[in-house]
Amino acid sequence: MRMNPFATQPRRYLLSTVLLVSTTLPLTLANAADEPRKLTVYTYESFTAEWGPGPAIKAGFEAQCGDCTIDFVALDSSAGILNRVQLEGKSSPADVVLGLDTNLMAIAEDTGLLATSGVDTSALELPMTWTSDIFVPFDYGYFAFVYDTEALPEPPASLDELIAAPEDLKIIIQDPRTSTPGLGLLLWMKSVYGDKAAEKWQALQPHILTVTKGWSEAYFSLFLNGEAPMVLSYSTSPAYHMEIDETDRYQAAAFSDGHYLQVEVAALLAQSPRQALGREFLNYLVSQEAQTSIPLGNVMYPVADLEEQLPASFEKLISPTRTLQFTPEEVRDGRKSWIDEWLEASTGN
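The structure displayed is predicted, hence computed values, not measured ones.

Let's shift gears to the state of the cysteines. Enumeration according to the criterion identifies one disulfide in this entry. Bridging C65 to C68, the disulfide has an S-S length of 1.7 Å. Since a negative S-S torsion denotes a left-handed disulfide, the C65-C68 link at about -95 degrees is left-handed. Of the two residues examined, C65 and C68, each falls in the buried class.

Encoded structure:
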């Protein structure tokens with residue numbers, strides 16, 4: 001039988017122990033109450049960059065909540081965010097994930113690690129009907145090929161024209177296994193060509209200068225340094241150059257067969273002990289104040305109506321005549337086989 005350790009102790013020991021606990025417990029509780037509430041948010045590197053929307057959103061939310069802090073943990077991509085949470089499971093220190101997109105939603109929801117957001121999304125402005133009560137959309141854009149007007153005055157006007165262009169027209173794209181735009185092009189090609197996507201990938205190969213791991217390397221390191229006249233990016237990318245660089249040199253090519261839509265989302269983790277604070281942050285993310293940081297910070301369309309606060313350059317961007325999109329479930333079910341199809345076509349094996 002296990003002995004009670006207090007049974008053999010003098011009465012005064014028991015009294016002193018009770019006094020010690022009763023005097024220190026209020027101090028402990030008081031110190032805990034004085035500690036700021038910290039919300040850990042997994043996101044991607046460009047969101048937290050000095051020029052990204054993260055710093056302004058962090059400052060705005062902390063000013064609103066009064067006694068909280070936002071701790072952004074920057075990862076390399078939306079896929080990296082999802083992989084990290086999947087590996088950590090219910091022991092993840094993250095409270096919120098910010099930067100997944102519609103192409104990863106079904107995969108993320110299948111983990112069972114996410115909670116309902118508590119955010120009313122009915123007033124948000126999106127080019128699609130939003131029905132999820134887990135994911136909160138905070139911006140959107142269309143994948144497009146951005147071109148250098150000085151190097152390529154007349155760009156292709158469709159995927160077919162790009163494939164049929166003279167072989168010396170080179171493009172830079174990203175890997176669909178590691179890059180959000182790379183996956184976007186994979187889905188773009190599949191949505192336009194269906195069962196013929198593999199042969200179209202093969203036909204496109206002579207135009208591909210290189211396939212980079214991520215968007216930044218493709219855009220900043222190669223395209224803007226003149227390595228190729230076209231790069232896979234977003235239809236909104238020219239807005240940054242018009243507003244910040246004050247140049248119209250870089251534009252997005254409007255493709256008649258349509259452009260693939262990307263909606264970026266945030267979600268609350270079910271295991272988070274700070275559910276209320278997490279939902280407060282998600283509501284702030286789609287507020288007018290937070291959304292003003294999106295157009296030039298993330299160079300994407302905001303989901304709130306900014307009216308005159310929307311930069312004038314956004315009125316000059318191409319407007320897709322056709323929006324292309326698979327459902328999150330279709331991407332979840334087809335992604336692996338479509339990547340394998342791309343790999344086989346790209347390597348010739």
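Now for the packing of helix α7 (residues 180–193) against helix α14 (residues 328–347). α14 packs onto α7 with a crossing angle of 90 degrees between their chain directions and a minimal axis gap of 11 Å. Regarding the angle of α7 to α14, the classification is roughly perpendicular. For the pair α7 and α14, contact is made by L183, L186, L187 and K190 and by V331, R335, W338, I339, E341 and W342, respectively. In terms of residue class, the contact of α7 with α14 is built from seven nonpolar, no polar and three charged.

On to unusual backbone geometry. Although it is not a glycine, E246 adopts a positive phi angle of roughly 55 degrees. Mapping E246 onto the fold places it in the loop between α10 (237–245) and β9 (250–252). One non-glycine residue, E307, adopts positive backbone phi at about 50 degrees. With respect to the helices, strands and loops of the structure, E307 is situated in the loop between β11 (301–302) and β12 (323–324). Residue E307 is classed as exposed on the basis of its relative accessible area, which comes to 55%.

So, about the pattern of salt bridges. In this structure the tally under the stated criterion is 11 salt bridges. The salt bridge involving D110 is made with R332; its shortest N-O contact spans 3.1 Å. Separated by 222 residues along the polypeptide, D110 in helix α5 (residues 105–110) and R332 in helix α14 bring together distant segments of the chain. Between D175 and R177 there is a salt bridge, and its shortest N-O distance comes to 2.6 Å.

Bringing the packing of aromatic side chains into the picture now. Within this structure, the stated rule accounts for 20 aromatic pairs. With centroids separated by 5.7 Å and ring planes inclined at 45 degrees, the aromatic side chains of W188 and F255 adopt a geometry described as tilted. With W188 in helix α7 and F255 in the loop between β9 and β10 (259–269), the pair connects residues that are 67 residues apart, well separated along the chain. In terms of burial, W188 and F255 fall into one category: buried. Seen in terms of ring centroids, W215 and F220 are 5.2 Å apart; in terms of plane orientation they differ by 85 degrees. Their pairing is edge-to-face. Classification of W215 by relative accessible area gives partly exposed; the value is 23%. By relative accessible area, F220 is classed as partly exposed at 37%. The structure contains a cluster of three or more aromatic residues connected by ring pairs, namely F143, Y234, Y260, F326 and W338.

Core analysis: the biggest nonpolar cluster contains 95 residues, and F135, F145, W188 and F281 have the highest contact counts within it. The element best represented in this core is β10, accounting for eight residues. One finds V146, F223, A228 and V231 within the second-largest nonpolar core, a separate group that totals nine residues.

Where like charges cluster on the molecular surface, the negative patch consists of E109, D133, E329 and E330. Look at E329 and you get partly exposed, because its relative accessible area is 38%.

A few words on the environment of K170. Checked against the element boundaries, K170 lands in the loop between α6 (159–164) and β6 (171–174). Of the residues examined, K170 reaches a relative accessible area of 26% and is grouped as partly exposed. Through-space distance from the C-alpha of K170 to that of T210 is 8.9 Å; in sequence the pair is 40 residues apart. When near neighbours in sequence (up to four residues on either side) are disregarded, K170 contacts P206, H207, L209, A228, P229 and M230. One polar contact links the side chain of K170 to the main-chain carbonyl oxygen of E167, over a distance of 3.3 Å.

Attention now moves to the pairing of strand β8 (residues 230–234). The buried fraction of β8 is high, at five of five residues. For strand β5 (residues 136–148) and β8, the ladder comprises five bridges, and the chain directions are antiparallel. When the bridges of β8 are listed, A144 appears paired with S233. Across two bridges, β6 lies against β8 in parallel orientation. Bridge pairing in β8 places I172 opposite V231.

Rules of the game
Residues numbered from 1 in each chain as written. Predicted model: local features only at pLDDT ≥ 70, side-chain atom pairs only at ≥ 80, totals over all residues. Heavy atoms only, no water. Disulfide = S-S within 2.5 Å. Buried < 20%, exposed > 50% of the residue type's maximum accessible area, 1.4 Å probe, protein only. Axes fitted to C-alpha atoms, helices over the stretch in contact; angles between N-to-C directions. Helix = DSSP H or I, 4+ residues; strand = E, 2+ residues; numbered from the N terminus. Parallel < 35°, antiparallel > 145°, perpendicular 65-115°, else oblique. Contact = heavy atoms within 4.5 Å. Nonpolar A, V, L, I, M, F, W, Y, C, P; charged D, E, K, R; others polar. Salt bridge = Lys/Arg side-chain N within 4 Å of Asp/Glu carboxyl O. Phe/Tyr/Trp six-rings, centres within 6.5 Å; stacked < 30°, edge-to-face > 60°. Core = buried A, V, L, I, M, F, W, Y, C linked by side-chain atoms within 4.5 Å. Patch = residues over 30% accessible without salt bridge, like charges linked within 9 Å, V, L, I, M, F, W, Y side chains within 5 Å. Areas by Shrake-Rupley, 256 points an atom, 1.4 Å probe, with all protein chains shown as cover. Lys, Arg positive; Asp, Glu negative; His and termini not counted. Charge placed at Lys NZ, Arg CZ, Asp CG, Glu CD. Polar contact = N/O pair within 3.5 Å; in protein donor to acceptor, adjacent residues only side chain to side chain. Pairing = 2+ DSSP bridges.

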